[in-house]
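Chains, contacts and geometry: an overview
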Amino acid sequence: MSQEKDLTLLGRSENRLPASPDVAVLETFPNRTPGRNYRIHLSAPEFSSICPVTGQPDSAHLEIYYIPDEKCVETKSLKFYLASYRNHASFNEAIVNRVLDDIVKACAPKQVVVRGKFGARGGIQLTCEARFPDLEETLRLPDSE
């Protein structure tokens, strides 16, 4: 467990959410099997943010699917990071791309896909997907309902 000594949220009853993604921290831990290309699928079906134009809440099912390299994302810090968007005004596409950028910055995965399936607004449902590296169809999120 000495590898997890730098984790500040895991195992603690901390319940104060970061005020915004700018101050949220994505913590990581060492990948215990870095020589294997296994996949990690993280699903946040209750993601929410604020529309920067109307100020109304947006909701989404946000998914992160990645092949780790040397580090993995710690899930409690990811939960706090994603919750920090609740009062953050941003367009849906910008959110998906920022989450991708922040995951890449935090743990430098071999590959990662971030998909946000946002709730319908005005009768139109928006799904946005971003990937790193920007390769065609290398890593696919499983189809979800």
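Residues numbered from 1 in each chain as written. Predicted model: local features only at pLDDT ≥ 70, side-chain atom pairs only at ≥ 80, totals over all residues. Heavy atoms only, no water.

With respect to the packing of aromatic side chains
- The final tally for this structure, using the stated rule, is two aromatic pairs.
- Look at Phe-47 and Tyr-85: their rings are 5.4 Å apart centre to centre, the planes differ by 50 degrees, and that puts the pair in the tilted class. On the criterion of sequence distance, the pair formed by Phe-47 in strand 2 (residues 40-50) and Tyr-85 in the loop between helix 1 (75-83) and helix 2 (92-107) is long-range, its members being 38 residues apart. You'll find Phe-47 and Tyr-85 in the same group, each marked buried.
- Look at Tyr-85 and you get buried, because its relative accessible area is 1%. (Phe/Tyr/Trp six-rings, centres within 6.5 Å; stacked < 30°, edge-to-face > 60°. Helix = DSSP H or I, 4+ residues; strand = E, 2+ residues; numbered from the N terminus. Buried < 20%, exposed > 50% of the residue type's maximum accessible area, 1.4 Å probe, protein only.)

What to know about the packing of helix 1 against helix 2
- Closest axis-to-axis distance for the helix 1/helix 2 pair is 12 Å, and the angle between their directions is 150 degrees. By the angle class used here, helix 1 and helix 2 are roughly antiparallel. The two elements helix 1 and helix 2 meet at a crossing, and its hand is right-handed. On the side of helix 1, the interface is formed by Leu-78, Tyr-81 and Leu-82, while helix 2 contributes Arg-98, Val-99, Asp-102 and Ile-103. (Axes fitted to C-alpha atoms, helices over the stretch in contact; angles between N-to-C directions. Parallel < 35°, antiparallel > 145°, perpendicular 65-115°, else oblique. Left-handed = near helix turned anticlockwise from the far one by under 90°. Contact = heavy atoms within 4.5 Å.)

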